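# Chain and residue survey
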Amino acid sequence: MSEVNSPHPAGGRTPAGGAPRQGGWTRFVTSRPRLALLAALVITVLAVFAGSGAADRMGSGGWQDPEAESTYATAALEREFPASQPNLLLLVDGGRESVDSPAVAAEGRRLTERLAAEEDVTGVGSYWQTPSPALRSEDGREALIAARIRGDEKARAEVLDRIASEFRGEHGPVEVSIGGPVAVEHDMTTTIQEDLLRAELIALPVTLVLLIMVFGSVVAALLPLAVGIVAILGTNAVLRGITEFADVSVFSQNLTTALGLGLAIDYALFIVRRFREELTAGADVRDAVATTLRTAGRTVLFSALTVAVSLAAMLVFPQYFLRSFAYAGIAVVLLAAAAALVLLPAALMLLGPRVNALDVRALFRRRGRGQAAAGAVGASGAPAGSTADGRPGGGREAGAGWARLADLVMRRAPLFAFTTTAGLVLLGLPFLGVKFGTPDDRQLPSTAESHVVQQHIRDGFPGSPDGGIEILAEGKGTVGATSADYTRYRDRVEDLPGVLRVEGPVTSDGTAYFTVQPEGEAVGEGAQRLVHDIRDIPAPFETSVTGRAAVLEDSKAAIGEQLPLALGIIVVVTLLLVFLLTGSVVIPLQAVVLNGLSLTAMFGAVVWVFQDGNLSGLLGFTSTGDIETNLPVLMFCVAFGLSMDYGVFLLSRIKEEYDRTHDHEHALRFGLQRTGGLITAAALILAVVMVAIGTSRVTNTKMLGLGIALAVLMDAMVVRALLVPSVMKLTGRWTWWAPGPLRRFHERFGLSEGGIPEPARGPARSTGPAAGPEPESPARDKATAGDGPRS
């Protein structure tokens, strides 16, 4: 569906014989802009109060499947044998003295008794109570006190805050440092909150400077930031509400900030640019806002829906880490779109031409150079024949460089299509060697206390007290196991390849557990194989296996089981939405394949940099030799959604121009000419935001930020600029083909930026090869290329 013809040469379309048609929402925004702004302000203030304390209610876990065997075994062991699941470790350093010396041993026993007396602390054990070799360093200078803090993540953090200061530091002849999973969780949450604040302090001013460079006007540049802040604050309130009935990961706040700013900027660029075009075309402010909402507003809403669907696919996974990003992503996308479609039009109604006020670039350029630069700012929203601030004036045609690029790509379409595809595939090859793991203390900076303690344990102790494989043994029915049954089972486990030693059984009321120390890394490939081997051993009792290696195996299984469904949702909905936008069955298939190709560089870089450790010194992280299982799923959903965001902007312009001229190559050229600068500017600004997130000291957050920044830049500068036009040139008139029933369906229910049908002008729209190609018209092509902006 397209817009009707317009008396305005720049493309301000109106229904025949009147002003732009206005729906109820448009009438509300244009007739009561102050009320709309006031309502948004009140809601935002309420969101600030509603979202306060949200981070304190979030967790740093959520990597495991809550229904998995390992999750069940962990809960049962915590309930029946709390000492088997220590989450708090005190590293006791005797200095020059051996941990067996009388003074060190006495202080060690005293600290153990003090810790056991603390409320909500259970399962306390130490080297001086149970002389296990796993609790004494190989040089004899350090020993461990292990315990378990009861409760959920929030309760554990409160207990740790209460007792940490009492145990950390010097105690007579020893010095105590605090580690263990609960300390890692606490340090992770604290570090993420600090890094997020720093990222916002970096991203906001840099983004404002870039927006001023893009828009020229300080007033126009402030509008996207206002939309982004509203979306971020609103999403924070939504997440605070969700924490009342579901677990939410603290990592999701990073996505809230990145998408809140990034998408707000995308949508505001699109809307403000169209508003400027309508003003330049001669429309009054009310009609300009109405046309903008009916055209660019429709595309923004459509784009938000595609991004939200990609993020919603993470809801099918059981891990609350992934579900949290779905909660945050859906909320921030919809709120950014709502703010762009409510706050922005209301503000534009009040500002009118003053949206171009405070043009700071005018202070640094001469008048002649300013006129020459007017047409070069493709992303600023200034149409052809106007200055960069949107006022009428001289200058060369807007986006001329992008038009020349489109011509070059289409002349050499096979070359560009092949070389670009081959290059992207080559960049993604390192991902074939991906190894999956679980997050641990090495996600934290090397100076974090919990990281230092865990590294001491890895380097100096014969086995990690929290890195073994635990086997829970429960009697079948009313028949309890005998000592002989336990002994035979233990012997079978000890005979398995890759077993360093087996400790246990420890029994209580017909239930027992064993601890298996694997050779090598606690979550290495050998430990993962050992989990499968243990689960395959027949036993006269029910067995459940847990431990970090078992959690990893169960997490991979859960993701593998749900991944086809998630991909199916993304692909099917993407195909449907792009079909509703374009009316073609070929373009949706192209969109899915090309979007997938745009992610290859990201996945290849993730393995080459973060798994293999290249650039670890430069970027300041510790490589663990693997990638956390949930991260590729998260990065795919986010990056795919952002690719669709840019794809919708480009396709909507191509589709609109094709409907108007029925000229395939001209539509490709026009679409890239009108959106190339816009998409590139939006991608650069979003990449800045993601890089700011990537400055985090937590490795997974760094990986998320830098990886998505790379994906966004590759999509905007390579896929949209080179691959899309070359592939669409190669498919030619087949690009717009659809079978008869689907074509009629689209004519009735399809969506486009235009919103209302255009009276027939010239030959009927080509629907594929059966309709026959339309003759090329160089004269018409020249004329249309010089027309004013259309959106």
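Residues numbered from 1 in each chain as written. Predicted model: local features only at pLDDT ≥ 70, side-chain atom pairs only at ≥ 80, totals over all residues. Heavy atoms only, no water.

When you go through the protein residue by residue, the secondary structure sums to 26 helices and eleven strands. Among the 791 residues that make up the protein, the fraction classed as buried is 58%. Residue pairs at least 24 apart in sequence account for 80% of intrachain contacts in the protein once pairs closer than 6 positions are excluded. For the protein, the accessible area works out to roughly 30200 Å², and carbon and sulfur atoms hold 61% of it. (Helix = DSSP H or I, 4+ residues; strand = E, 2+ residues; numbered from the N terminus. Buried < 20%, exposed > 50% of the residue type's maximum accessible area, 1.4 Å probe, protein only. Contact = heavy atoms within 4.5 Å. Areas by Shrake-Rupley, 256 points an atom, 1.4 Å probe, with all protein chains shown as cover.)

As a further point, take the packing of helix H19 (residues 586-598) against helix H22 (residues 630-661). H22 packs onto H19 with a crossing angle of 135 degrees between their chain directions and a minimal axis gap of 10 Å. It follows from the interaxial angle that H19 and H22 lie oblique. Read as a crossing pair, H19 and H22 show a hand that is right-handed. Listed contacts from H22 to Ile587, Val592, Asn595, Gly596 and Ser598 of H19 are Phe640, Ser643, Met644 and Leu651. (Axes fitted to C-alpha atoms, helices over the stretch in contact; angles between N-to-C directions. Parallel < 35°, antiparallel > 145°, perpendicular 65-115°, else oblique. Left-handed = near helix turned anticlockwise from the far one by under 90°.)

It is worth spelling out helix H13 (residues 400-411) at this point. For H13, spanning twelve residues, the distance from its first C-alpha to its last is 17 Å, which sits close to the expected 16 Å at 1.5 Å a residue. The set of residues buried in H13 consists of Ala400, Ala403, Ala406, Val409 and Met410. Next to the buried residues of H13 lie helix H14 (413-428), helix H23 (664-694) and helix H24 (699-731). (Expected span 1.5 Å × (residues − 1).)

Next up on the list: the sheet that holds strand E10 (residues 542-547). Read across the open sheet, the four strands follow the order E8-E9-E7-E10; overall the sheet is antiparallel. Edge positions in the sheet fall to strand E8 (499-508) and E10, since each has one partner strand and no second. Averaged over all pairs of adjacent strands, the angle between their axes in this sheet comes to 20 degrees, without regard to strand direction. The sheet contact formed by strand E7 (residues 469-474) and strand E9 (residues 511-518) spans six bridges and is antiparallel. Along E9, the bridge assignment pairs glutamate 470 with threonine 515. Packing of helix H3 (residues 69-80) onto the sheet brings it into contact with E7, E9 and E10, and relative to E10 it is tilted by some 95 degrees. Strand contacts of helix H17 (residues 525-536): E7, E8, E9 and E10, with the helix running at about 10 degrees to E7, the strand carrying the most contacts. (Pairing = 2+ DSSP bridges.)

With an omega of 10 degrees, the peptide bond between glycine 504 and proline 505 qualifies as cis. Its place among the elements puts proline 505 in strand E8. The residue histidine 662 is not glycine, and still its phi comes out positive at about 60 degrees. Within the element layout of this structure, histidine 662 appears in the loop between H22 and H23. Look at histidine 662 and you get buried, because its relative accessible area is 12%.

Tracing the backbone through its elements, the reader meets alanine 336 in helix H11 (residues 320-351). The residues contacting alanine 336, other than those within four sequence positions of it, are Val227, Ala231, Leu263, Ala264 and Tyr267.

Judged by nonpolar contacts, the single largest core of 152 residues is most densely connected at Phe251, Tyr267, Met314, Val333, Leu631 and Leu634. In this structure leucine 631 touches Trp63, Phe321, Asn700, Met703 and Leu704, once residues within four positions along its chain are discounted. (Core = buried A, V, L, I, M, F, W, Y, C linked by side-chain atoms within 4.5 Å.)

Right, let's talk about the sheet that holds strand E2 (residues 121-126) for a bit. On the basis of which strands lie adjacent, the open sheet formed by five strands has the order E2-E3-E1-E5-E4 and antiparallel pairing. Each having just a single partner strand, E2 and strand E4 (169-171) make up the two edges of the open sheet. The average undirected angle you get between the axes of adjacent strands in this sheet is 25 degrees. For E4 and strand E5 (residues 174-179), the ladder comprises three bridges, and the chain directions are antiparallel. Looking across to E5, one finds that glutamate 170 is bridged to glutamate 175.

Once that is clear, we can look at the pairing of E2. With five of its six residues buried, E2 lies for the most part within the structure. Examined bridge by bridge, E2 and strand E3 (residues 142-149) share four bridges and lie antiparallel to one another. Directly across from threonine 122, in E3, lies its bridge partner arginine 148.

Inspection of the entire model under this criterion finds 30 salt bridges. The partner of arginine 162 in a salt bridge is glutamate 118, with the nearest N and O atoms 3.7 Å apart. Remark: glutamate 118 occurs in the loop between helix H4 (102-116) and E2 and arginine 162 occurs in helix H5 (residues 153-167); sequence separation between them is 44 residues. Residue glutamate 118 is classed as buried on the basis of its relative accessible area of 17%. Between arginine 274 and glutamate 278 there is a salt bridge, with its nearest N and O atoms 2.8 Å apart. One end of the pair is arginine 274 and the other is glutamate 278, both in helix H8 (residues 252-280) and four residues apart, which spans about a single turn. Residues arginine 274 and glutamate 278 agree in their burial class; the two are buried. Via salt bridges that share partners, Glu194, Asp195, Arg198 and Arg697 belong to a single interconnected network. (Salt bridge = Lys/Arg side-chain N within 4 Å of Asp/Glu carboxyl O.)

A few words now on H17. Spacing of three or four residues puts side chains on the same side of an α-helix, whose turn is 3.6 residues. For H17, with twelve residues, the first-to-last C-alpha span of 17 Å sits near the 16 Å given by 1.5 Å per residue. Every buried residue of H17 is listed here: Ala527, Gln528, Leu530, Val531 and Ile534. The buried side chains of H17 occupy one side of the element, clustering within an arc of 155 degrees when seen end-on. Seen from the open side of H17, the exposed residues pointing more than 90 degrees away from its buried face are Arg529 and Asp536. (Arc of directions from axis to C-beta.)

The next point concerns the environment of leucine 38. Tracing the sequence through the fold places leucine 38 in helix H2 (residues 33-50). Given a relative accessible area of 47%, leucine 38 falls into the partly exposed group. Leucine 38 sits 305 residues away from leucine 343 along the chain, and the two C-alpha atoms are 9.5 Å apart.

Given two aromatic rings, one states the distance between the centres and the angle between the planes to describe the pair. Inspection of the entire model under this criterion finds 17 aromatic pairs. Plain terms: the ring middles of phenylalanine 251 and phenylalanine 321 are 5.7 Å apart, the flat faces sit at 75 degrees to each other, and that makes the pair edge-to-face. In this pair, phenylalanine 251 is assigned in the loop between helix H7 (218-242) and H8 and phenylalanine 321 in helix H11, connecting sequence segments 70 residues apart. Taken as a pair, phenylalanine 251 and phenylalanine 321 share a single burial class, namely buried. Clustering of aromatic rings is evident, with ring pairs tying together Trp63, Phe251, Phe321 and Phe325. (Phe/Tyr/Trp six-rings, centres within 6.5 Å; stacked < 30°, edge-to-face > 60°.)

When the pLDDT values of the protein are averaged, the result is 82; 85% of them are 70 or greater. For the protein, per-element mean pLDDT is lowest for helix H26 (residues 778-785), which scores 37, and highest for H14, which scores 95. Predicted confidence for residues 1-19 stays below pLDDT 50, and this span has 73 contacts to residues more than four positions away or in other chains. (pLDDT = per-residue confidence, 0-100.)

Residues Leu35, Leu38, Leu41, Val42, Val45, Leu46, Val48 and Phe49 make up a contiguous nonpolar surface patch of roughly 760 Å² in combined accessible area. A residue is classified by how much of its surface remains accessible, and valine 45, at 38% relative accessible area, is partly exposed. (Patch = residues over 30% accessible without salt bridge, like charges linked within 9 Å, V, L, I, M, F, W, Y side chains within 5 Å.)

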